[in-house]
Each structure stands twice: as C-alpha cells, then as structure tokens.
Amino acid sequence: MPDLAQATANRPLRPLPSLIFASRWLQLPLYLGLIVAQAVYVAHFLVELWHLVEAAFGDSHALEALVAGIGYKSDAPVTQLNETVIMLVVLALIDVVMISNLLIMVIVGGYETFVSRLNLDEHPDQPEWLNHVNASVLKVKLAMSIIGISSIHLLKTFINADNYTDKVLIAQTVIHAVFLLSAIAIAYTDRLMSAPSEKH
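Residues numbered from 1 in each chain as written. Predicted model: local features only at pLDDT ≥ 70, side-chain atom pairs only at ≥ 80, totals over all residues. Heavy atoms only, no water.

**Thoughts on the side chain of Asp-95**
This is how the line gets drawn: Secondary structure follows DSSP: runs of H or I at least 4 residues long count as helices, runs of E at least 2 residues long count as strands, and numbering of each begins at the N terminus. Each residue is placed in one exposure class: buried if its accessible area under a 1.4 Å probe, protein chains only, is under 20% of its type's maximum, exposed if it is over 50%, and partly exposed if it falls in between. Only four residue types enter the charge count, namely Lys and Arg as positive and Asp and Glu as negative; His and the chain termini do not. By salt bridge we mean one thing: a side-chain nitrogen of Lys or Arg within 4 Å of a carboxyl oxygen of Asp or Glu. Nitrogen and oxygen atoms within 3.5 Å of one another constitute a polar contact, given that in protein one can donate a hydrogen and the other can accept it, and given that sequence-neighbouring residues count only through two side-chain atoms.
Here Asp-95 lies in helix α5 (residues 83-114). Look at Asp-95: it is buried, it has no salt bridge, and the nearest opposite charge is Lys-156 at 4.3 Å. Here the side chain of Asp-95 touches His-153 through a polar contact of 2.9 Å, side chain to side chain.

**Focus on the nonpolar core**
Note the cut-off: The set of buried Ala, Val, Leu, Ile, Met, Phe, Trp, Tyr and Cys residues whose side-chain atoms join them within 4.5 Å is what this entry labels a nonpolar core. Any pair of residues with heavy atoms lying within 4.5 Å of one another is described as a contacting pair.
Listed in full, the twelve residues of the largest apolar core are Leu-52, Ala-55, Ala-62, Leu-63, Leu-66, Val-67, Ile-70, Tyr-72, Val-85, Leu-88, Val-89 and Leu-93. Counting only elements with at least two residues in this core, the list comes to α3 (28-56), α4 (60-70) and α5. In terms of residue count, the dominant contributor to this core is α4 (five residues). Excluding anything up to four places from it in sequence, Tyr-72 contacts Val-67, Val-78, Asn-82, Thr-84, Val-85, Leu-88, Asn-160 and Asn-163.

**Some thoughts on the side chain of His-176**
Take His-176: it is sitting in helix α7 (residues 166-199). Residue class for His-176 comes out buried when judged on its relative accessible area of 15%. The residues contacting His-176, other than those within four sequence positions of it, are Ile-147, Ser-150, Ser-151 and Leu-154.

**Focus on the packing of aromatic side chains**
Rule in force here: In this analysis, rings of Phe, Tyr and Trp, with Trp reduced to its six-membered ring, are considered paired at centre separations within 6.5 Å, and the interplanar angle assigns stacked below 30 degrees, edge-to-face beyond 60, and tilted for intermediate values.
Tallying each qualifying case throughout the model produces two aromatic pairs. Ring geometry for Tyr-31 against Tyr-111: centres 6.4 Å apart, planes inclined by 80 degrees, an arrangement best described as edge-to-face. Of this pair, Tyr-31 sits in helix α3 while Tyr-111 sits in helix α5, placing them 80 residues apart in sequence. Taking relative accessible area as the criterion, Tyr-111 reaches 18% and is therefore assigned buried.

**Side note on the packing of α3 against α4**
Test applied: Under this scheme, a helix contributes an axis fitted over its contacting stretch, all axes are lines through C-alpha atoms, and angles between N-to-C directions fall in the 0 to 180 degree range. Geometric relationships in this document are graded by angle, where less than 35 degrees denotes roughly parallel, more than 145 denotes roughly antiparallel, 65 to 115 denotes roughly perpendicular, and other angles denote oblique. Two helices cross in a left-handed way if the nearer one is turned anticlockwise from the farther one by less than a right angle. They cross in a right-handed way if the turn is clockwise. Charged residues are taken to be Asp, Glu, Lys and Arg, nonpolar residues to be Ala, Val, Leu, Ile, Met, Phe, Trp, Tyr, Cys and Pro, and polar residues to be all remaining types, Gly included.
Two elements in contact, α3 and α4, have axes separated by 8 Å at closest approach and are oriented at 130 degrees. Taken together, the axes of α3 and α4 lie oblique to each other. As for how α3 packs across α4, the hand of that crossing is left-handed. Along the contact surface, α3 presents Glu-48, His-51, Leu-52, Glu-54 and Ala-55, while α4 presents Ala-62, Leu-63, Ala-65 and Leu-66. A class-by-class count of the residues in the contact of α3 with α4 yields six nonpolar, one polar and two charged.

What follows is the structure in structure tokens.
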C-alpha cells in the first residue's frame with residue numbers, strides 16, 4: 001500500500017494540470033515588486049529620521065521639511081522642535097515600520113502559502129509565525145496589522161486635530177471602527193471554520 005501511494009505521488013502531472021499548477025509562479029513578480037516597495041519605505045524612513053536628527057541640532061531646513069511632511073500647522077511659526085512635532089514625526093516613523101511589517105508578512109507568508117516552500121526548517125532566523133502560516137492565519141494577521149496602522153493614523157489625526165475638519169475626524173474614526181469590526185468578523189469566521197476540523 002505505501003508503495004502504491006509513493007508511486008501515485010511520484011507520477012508526473014498531465015500537461016494541463018501541470019500548466020495550471022505552474023501558473024502560481026505568475027505571482028512571483030508581484031512579490032518582487034513588494035520587495036522594491038519595501039526598499040522605498042526603508043529609504044523614506046531613513047530620510048525622515050535624518051531630518052529629525054538634523055532638526056534636533058537646530059537645522060531650520062530639516063525642521064521645515066519635517067513640518068511640511070507631517071502636515072503640521074500652527075498659529076505661530078515653528079522655529080524649533082516641540083513635543084507635538086516630535087510626537088507626530090515618531091508616529092509617522094512607527095507607521096512606516098508597521099507598513100513594512102505588513103509587507104514582510106505578505107511577501108514571506110504569501111510566497112510560502114501560494115507559490116512555493118521556502119524550506120526554512122531549523123533555520124535560526126525563521127519567523128515564529130511562519131511555522132503555522134496558511135491562508136486563514138495570514139488573513140487574520142493582515143487584518144490585525146491594518147488595524148494597528150489605522151490606529152497610528154487616527155492618533156496622528158487627533159494630535160494634529162486643529163488642522164482637520166470635524167467631518168474628517170468623524171470619517172477617520174468610522175473607518176477605523178469598520179476595520180476593527182471587519183477584523184473581528186474575519187477572526188470569528190476563521191474560528192467557526194476551524195472548529196469542526198479541531199473537533200475531528
């Protein structure tokens with residue numbers, strides 16, 4: 001019986017199923033493109049961090065670039081770093097990091113799930129979550145990451161609330177609530193779908 005199963009597993013696929021199965025490699029350029037986007041985010045992070053360091057040492061041009069980048073406006077001209085500007089810049093940097101983490105999850109988890117195995121077993125740098133990744137787990141993790149990113153954007157908006165209308169504040173709050181409810185629904189649906197198999 002094991003010999004029959006091994007022979008079935010080693011049997012080559014027919015041409016059409018082989019072509020359909022090989023079509024998964026069409027996703028490879030997409031993941032490579034996300035790696036390029038990741039590199040752009042790293043460059044943006046380093047530029048913003050450098051501007052923050054320069055502004056801390058009194059560089060007015062770097063301060064202007066920071067204030068313009070975060071969209072901060074004040075009744076009085078901003079001539080030096082203050083707590084609000086620093087907080088908004090740091091939140092922007094955290095936002096970049098969280099989006100970068102989201103990209104890594106999509107690139108690594110998506111490739112492992114939908115394209116091909118990475119064969120990282122027993123590798124010292126293998127991510128812990130990659131051991132049990134599948135389409136369902138990846139979906140929940142992405143939803144939680146999006147909620148985190150939305151939370152950072154909402155916090156930035158509230159800190160800089162004077163520069164936004166009430167309509168924008170309400171809209172961002174509602175959008176964040178929708179993200180949160182969507183993530184709860186995804187997690188609940190995933191639990192319902194996995195419950196029968198766990199009982200089995």
